[in-house]
Amino acid sequence: MHVNFVATSKRDGTSASGTFIMTVIKTANCDGQASGRIACLLVNGNHAVIDGWMDNPTGVFSAGDIMQATVTENDPQAYGPPVDRAGFGIASGSPECPPAISGTGPAIRSGTIVVSAAR
């Protein structure tokens, strides 16, 4: 899956804004795309949780109304250098703040995650 997003909020997580787009790397049995608007962004150090409304989800993303994500920049490992991690989920209902997602997700294969506190 390829995911691109830009999100910002106030320090307390209010006034979240931004967009996201998720695209499945198409295979014979799997495809889909979803884009949408960020509804919640909470940052704690190098870790952030995000959720938002999906607009016109297709394929695997059509099973829900909202996207939930957790991203971690420079997550330490027991062996090797720190890695960036991201986990994404699809749910029905409406966005909540804080989002109903936890953990750090698997290491990302390519790309960059930047998590920074509001100024």
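Definitions and cut-offs
- Residues numbered from 1 in each chain as written.
- Predicted model: local features only at pLDDT ≥ 70, side-chain atom pairs only at ≥ 80, totals over all residues.
- Heavy atoms only, no water.
- Helix = DSSP H or I, 4+ residues; strand = E, 2+ residues; numbered from the N terminus.
- Rg over C-alpha atoms; globule rule 2.2 N^0.38 Å.
- Areas by Shrake-Rupley, 256 points an atom, 1.4 Å probe, with all protein chains shown as cover.
- Core = buried A, V, L, I, M, F, W, Y, C linked by side-chain atoms within 4.5 Å.
- Buried < 20%, exposed > 50% of the residue type's maximum accessible area, 1.4 Å probe, protein only.
- Contact = heavy atoms within 4.5 Å.
- Disulfide = S-S within 2.5 Å.
- Pairing = 2+ DSSP bridges.
- Axes fitted to C-alpha atoms, helices over the stretch in contact; angles between N-to-C directions.

Q: Before we move on, can you summarise the overall build of the chain with the specific residues and values?
A: For the chain, the count of helices and strands is zero helices and six strands. Walking the chain from its N terminus toward its C terminus, one meets helices and strands in the order β-β-β-β-β-β. The C-alpha atoms of the chain give a radius of gyration of 14 Å, which matches the 14 Å a tight globule of 119 residues would have. Taking the principal axes of the C-alpha coordinates as reference, the chain spans close to 35 × 35 × 20 Å. Total accessible area computed for the chain in this model is approximately 7100 Å², and 51% of it derives from carbon and sulfur atoms.

Q: Got a sec to walk through the nonpolar core? Specific residues and values, please.
A: Counting residues in hydrophobic clusters, the biggest one holds 17 residues, and the most contacted among them are Met22, Ile50, Met54, Met67 and Val71. Non-local contacts of Met67, meaning those with residues more than four positions away in its chain, are made with Phe20, Met22, Ile38, Ile50, Asp51, Gly52, Met54, Phe88 and Gly89.

Q: How would you sum up the state of the cysteines? Please name residues and give values.
A: Under the criterion given, the structure shown has one disulfide. With a sulfur-sulfur separation of 1.9 Å, Cys40 is cross-linked through a disulfide to Cys97. Across the S-S bond of Cys40 and Cys97 the torsion is about 65 degrees, and the bridge reads as right-handed. Residue Cys40 is located in strand 3 (residues 33–44), and its partner Cys97 is located in the segment after strand 6 (83–91); the two are separated by 57 residues in the primary sequence. Relative accessible area serves as the criterion here: at 1%, Cys40 is assigned to the buried category. The exposure class of Cys97 is partly exposed, given its relative accessible area of 47%.

Q: Break down the sheet that holds strand 2 (residues 17–23) for me, with residues and values.
A: Within the open sheet, the six strands sit side by side as 1-2-3-4-5-6. Their pairing is antiparallel. Edge positions in the sheet fall to strand 1 (2–8) and strand 6, since each of these pairs with one other strand and no more. Taken over all neighbouring pairs, the strand axes of this sheet differ in orientation by 25 degrees on average, direction set aside. Sheet analysis places strand 1 next to strand 2, joined by seven bridges and oriented antiparallel. Across the sheet, the residue bridging to His2 is Thr23, located in strand 2.

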